[in-house]
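Chain by chain, the residues:
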Protein chains: 2
Amino acid sequence: MKARKLQRVVIVGAGFAGLSAARALARSPVEVVLLDRNNYHTFLPLLYQVAAAKLEPELLAYPLHRFQRKLANVRFLMASVKRLDLVEQVVVTNNALIPYDFLILASGSTEKFSEIPGASTYAFPLKTLEQAISLRNHILNCFERAAHEPNASRRQQLLTFVIVGGGPTGVEFAGALVELICSTLLKDYPTLDFQQVRVVLLQAGSSLLPHLPKWLQTYTERKLRQLGVAVYLKTRVNLVTQEAVHLLDGGLIPTETVIWTAGVQGNLSDLMARLPTDSAGQVAVKPSLQVESYNNVYAIGDIAAVKLDGQKLPMLAPVAIQQGITAARNIARQIEGRSPLPFRYQNLGNLVIIGRHAAVAQLGKLTFAGFPAWVLWQVVHLVKLSGFRNRCLVLMNWIFCYLFREHGVSLVLPKEPMLTSALRPQLLLRLHGKTP
Amino acid sequence: MKARKLQRVVIVGAGFAGLSAARALARSPVEVVLLDRNNYHTFLPLLYQVAAAKLEPELLAYPLHRFQRKLANVRFLMASVKRLDLVEQVVVTNNALIPYDFLILASGSTEKFSEIPGASTYAFPLKTLEQAISLRNHILNCFERAAHEPNASRRQQLLTFVIVGGGPTGVEFAGALVELICSTLLKDYPTLDFQQVRVVLLQAGSSLLPHLPKWLQTYTERKLRQLGVAVYLKTRVNLVTQEAVHLLDGGLIPTETVIWTAGVQGNLSDLMARLPTDSAGQVAVKPSLQVESYNNVYAIGDIAAVKLDGQKLPMLAPVAIQQGITAARNIARQIEGRSPLPFRYQNLGNLVIIGRHAAVAQLGKLTFAGFPAWVLWQVVHLVKLSGFRNRCLVLMNWIFCYLFREHGVSLVLPKEPMLTSALRPQLLLRLHGKTP
């Protein structure tokens, strides 16, 4: 037993799925190598709050070196995977070749622009910390530029924000954006006419939050409208340009800000693995989460197409976490010479926040909305957030926002040049309004 | 009185000097336009803690739109000044021409590389939030790369950090960097040999902190050496390359990280003003802080060369703040037809922090060091920080660092590509150390 070489499990991706698998393997007699492009795990469910200038981006990042400290057999390596060689059993990264005995693919998902022309160029995705920061900077820049803009229709364009997709991210971001505008920006830009500000939510389907019961959908739509969000159902985008969103029905919304939350796909292409994927870019797996024809390769989280009762499981953190545990257990079983067991999904429910005191919740057959759902949403997200320090600081941020009705983070890091399309050095400053 | 047009004061730069002037003008019958490149004021005295991954960068940024809210006659504009026309009395920015009756120049200082070849290309300055973030990312990247580096001398080079300049910023950063390394990185990289890590502080003069009494200098040097910093006095840099620092005495320190805190100069060049400056790039001003030959133009803060008793005042926040108040008062006097009064400086003292329970303080003739100075440093910096929210979050960060001996922020935002000079895809991963 002593001289026996430990088998090596390589995990590609340190999202919810990858971390959960690494944690579950901690007590198994294996050595685990966890790979990620970044040296931190991102708590994606709160990412939209970074884009809405409510949270500092660092608070959603949990250092992976800190994660590995607690797990004696786990080693984290910051590396980009360049290629997977499933035959030779080697992962090729930008700085090493890593042989494996077992491989867990958990590289997550990326935005899917569904072949809408212009979307990949002009729409803002919201899947990484950097994307959230750049969206935040862009939104604050739009207000800054609008404050200097003498042309009313240009100003209208700068102050129109279009969110594509009526799923949880779209709904939560729409609510948070209105909160940012009404709580903070309204006071920051006293010369702007806030009647001009428009937050538009476009949903292709006939209801928001399609995965929830009807009454919660109606509640969500009513609440968003009360907040001032223009909700358009059964509305499809045809074309995105730098200046506008063109709708399939011929409509046009002039805007410089299109936020794309309409779809995600498995993030496999970068891995250069010759694995068959479905239309959503997800890898087909057996009920045990093993990849077809490779018994020592598992796919979990957003990248895996797992069907239960004929229905594909949604790309959600709880699904990813549960699959990580199953993959880890099945690897342990394989090492012991036992056969892997099928994955069983326990649906823990759904929570979506809309705004102050407004959220919807579904726990099994129990559904509720309003204040209790709003409290529950915050408690669950705080508890699930990694790191005691991050948890305390996020809580403090939320308390500040709640008490002072003010978003703290309104910093533009000027990565992008200001006033790209509106450089008018000859304009004489109009000092409208505001005299003592 | 009612119909009389208000005179307009334009303030260029929203650092300590500019904000202080704007605040002091709040009760005068003038309209104030405050200009800055960024939409936030940066609390520079804590900047090095961002570079040392101790504080989130957003916590040092105070939104200028929020600042203007409280002051009815102040309007903030985010703009880059392109040119000053002192004859026509117009400030030309990237998006407007702004005529003024009075102008306050408060554009601060930039790093001065004293004509050392390579310094401006390869050394890291520490004057803006972005610079602090990029230095933090670089340092964390060096550890990440060192963990993969099989060559011992390359590893030594990656783990050597050279700070040029033994003034307050150099001393404080050296202490904070050692703290980061010993508290956090030591645990994050269990496979690295920390005997290889070197923090070097180079000082051209014969003592650290030249502005302080002798015994505080000795205390500082002793404390830094105890922490493990290699302090070299009377040591001048001759050349900086990507791989090393070359010293004037012929010595060479292989390193990829040179932090430049050795000198600053007035930040006037960007303004394209034809004003005479001294060797430090500072504008000569009369005792009233008015610029020679322009009675309606004031220069304050780091950009102004103000001599008291034959000695030029240092570039410090308290100097800038007091000058802002004097400039504001003198403008009010000019409007009332009275003549401006000379600036009087009240030296409030000096505080420099070195490490845990170690700091030096000079308050008038009173000097002390150690725990009381350390407490005082933190209290003063917390009180001076702008924004109640920032203050609470910084305090919380400090408490965490103190209690858990752990720097919270250790996030690398991958702006720079990883492993630029060390891309070795064919290297087989060596899994040194760490087996369960």
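Residues numbered from 1 in each chain as written. Chains lettered and ligands numbered in written order. Predicted model: local features only at pLDDT ≥ 70, side-chain atom pairs only at ≥ 80, totals over all residues.

### As for the overall build of chain A
Then comes step 1: Scanning chain A from terminus to terminus reveals 11 helices and 28 strands.
Then comes step 2: Rg of the C-alpha trace for chain A: 23 Å, near the compact-globule value of 22 Å for 436 residues, within the 12% margin.
Then comes step 3: Its C-alpha atoms put chain A at 80 × 50 × 45 Å along the principal axes.
Then comes step 4: Out of the 436 residues belonging to chain A, those deemed buried represent 52%. (Helix = DSSP H or I, 4+ residues; strand = E, 2+ residues; numbered from the N terminus. Rg over C-alpha atoms; globule rule 2.2 N^0.38 Å. Buried ≥ 20, exposed ≤ 12 C-beta atoms within 10 Å, placed from the backbone.)

### Topic: the sheet that holds strand β27 (residues 358-363) of chain B
Residue and element names in this part refer to chain B.
Then comes step 1: Strand order in this open sheet of three strands is β26-β27-β28, and the pairing throughout is antiparallel. Single-partner strands in this sheet number two, and they are β26 (350-355) and β28 (366-369). Put simply, the sheet's adjacent strands are angled 5° from each other on average, direction ignored.
Then comes step 2: Bridge count between β26 and β27: five bridges; the pairing is antiparallel. Bridged to I353 within β27 is A359.
Then comes step 3: Along the sheet face, helix α8 (residues 214-227) touches β26, β27 and β28 and points at about 20° away from the line of β26. (Pairing = 2+ DSSP bridges. Axes fitted to C-alpha atoms, helices over the stretch in contact; angles between N-to-C directions. Contact = placed C-beta atoms within 7 Å.)

### Description of the confidence of the model for chain A
Residues and elements named next belong to chain A.
Then comes step 1: On average, residues of chain A carry a pLDDT of 88, and 91% of them reach 70 or more.
Then comes step 2: In this model residues 415-436 is a low-confidence stretch, pLDDT under 50, and it forms 32 contacts with partners more than four residues away in sequence or in other chains.
Then comes step 3: This prediction of the complex comes with two scores: 0.87 for pTM and 0.82 for ipTM. (pLDDT = per-residue confidence, 0-100.)

### Describing the pairing of strand β22 (residues 294-299) of chain B
All names here are of chain B.
Then comes step 1: Looking at chain direction, strand β9 (residues 102-105) and β22 are connected through three bridges and run parallel. Paired with L105 across the strands is A299, a residue of β22.
Then comes step 2: Of the pairings in the sheet, the one linking strand β21 (residues 290-291) to β22 comprises two bridges and is antiparallel in character. Residue pairing for β22: V291 is matched across the bridge by Y294.
Then comes step 3: Counting the residues in the hairpin turn of β21 and β22 gives two residues, including S293, whose phi is positive at 65°.

### Looking at the packing of helix α7 (residues 168-188) of chain B against α8(B)
Residue and element names in this part refer to chain B.
Then comes step 1: In contact at an axis separation of 10 Å, α7 and α8 are set at 25° when each is read in the N-to-C sense. Here α7 lies roughly parallel to α8, going by the angle between them. In the packing of α7 onto α8, the handedness of the crossing is left-handed. Residues V171, A174, G175 and V178 of α7 form the contact with α8, whose own contacting residues are T220, L224 and L227.
Then comes step 2: Residue composition of the contact of α7 with α8, by class: five nonpolar, two polar and no charged. (Parallel < 35°, antiparallel > 145°, perpendicular 65-115°, else oblique. Left-handed = near helix turned anticlockwise from the far one by under 90°. Nonpolar A, V, L, I, M, F, W, Y, C, P; charged D, E, K, R; others polar.)

### Comments concerning the environment of B:L201
All names here are of chain B.
Then comes step 1: One can find L201 in strand β13 (residues 198-202).
Then comes step 2: Considering only alpha carbons, one finds L201 and K187, 14 residues apart in sequence, at a separation of 24 Å.
Then comes step 3: In contact with L201, not counting residues within four places along its chain, are I163, G166, G170, A174, L224, V229, V231 and Y232.

### A look at helix α1 (residues 16-24) of chain B
Then comes step 1: In terms of burial, α1(B) is largely enclosed, as seven of its nine residues are buried.
Then comes step 2: Among all positions in α1(B), only B:F16, B:A17, B:G18, B:L19, B:S20, B:A21 and B:A22 are buried.

### A closer look at the environment of B:A204
All names here are of chain B.
Then comes step 1: Along the chain, A204 falls in the loop between β13 and α8.
Then comes step 2: Its 18 C-beta neighbours within 10 Å are what place A204 among the partly exposed residues.
Then comes step 3: Taking the C-alpha atoms as reference points, A204 and A262, 58 residues apart in sequence, are found 8.7 Å from one another.
Then comes step 4: Apart from residues lying up to four places away in sequence, A204 is in contact with T235 and R236.

### Observations concerning helix α9 (residues 317-335) of chain B
All names here are of chain B.
Then comes step 1: Taking 1.5 Å as the rise per residue, α9 with 19 residues should run 27 Å; its terminal C-alpha atoms sit 27 Å apart, in good agreement.
Then comes step 2: If you check which residues of α9 are buried, you get V319, A320, I321, Q322, Q323, G324, T326, A327, A328, N330 and I331.
Then comes step 3: Where the residues of α9 are buried, they touch β1 (7-12), α1, β9, β22 and β23 (304-305).
Then comes step 4: Immediately downstream of α9, the backbone of G337 shows phi near 85°, a positive value. (Expected span 1.5 Å × (residues − 1).)

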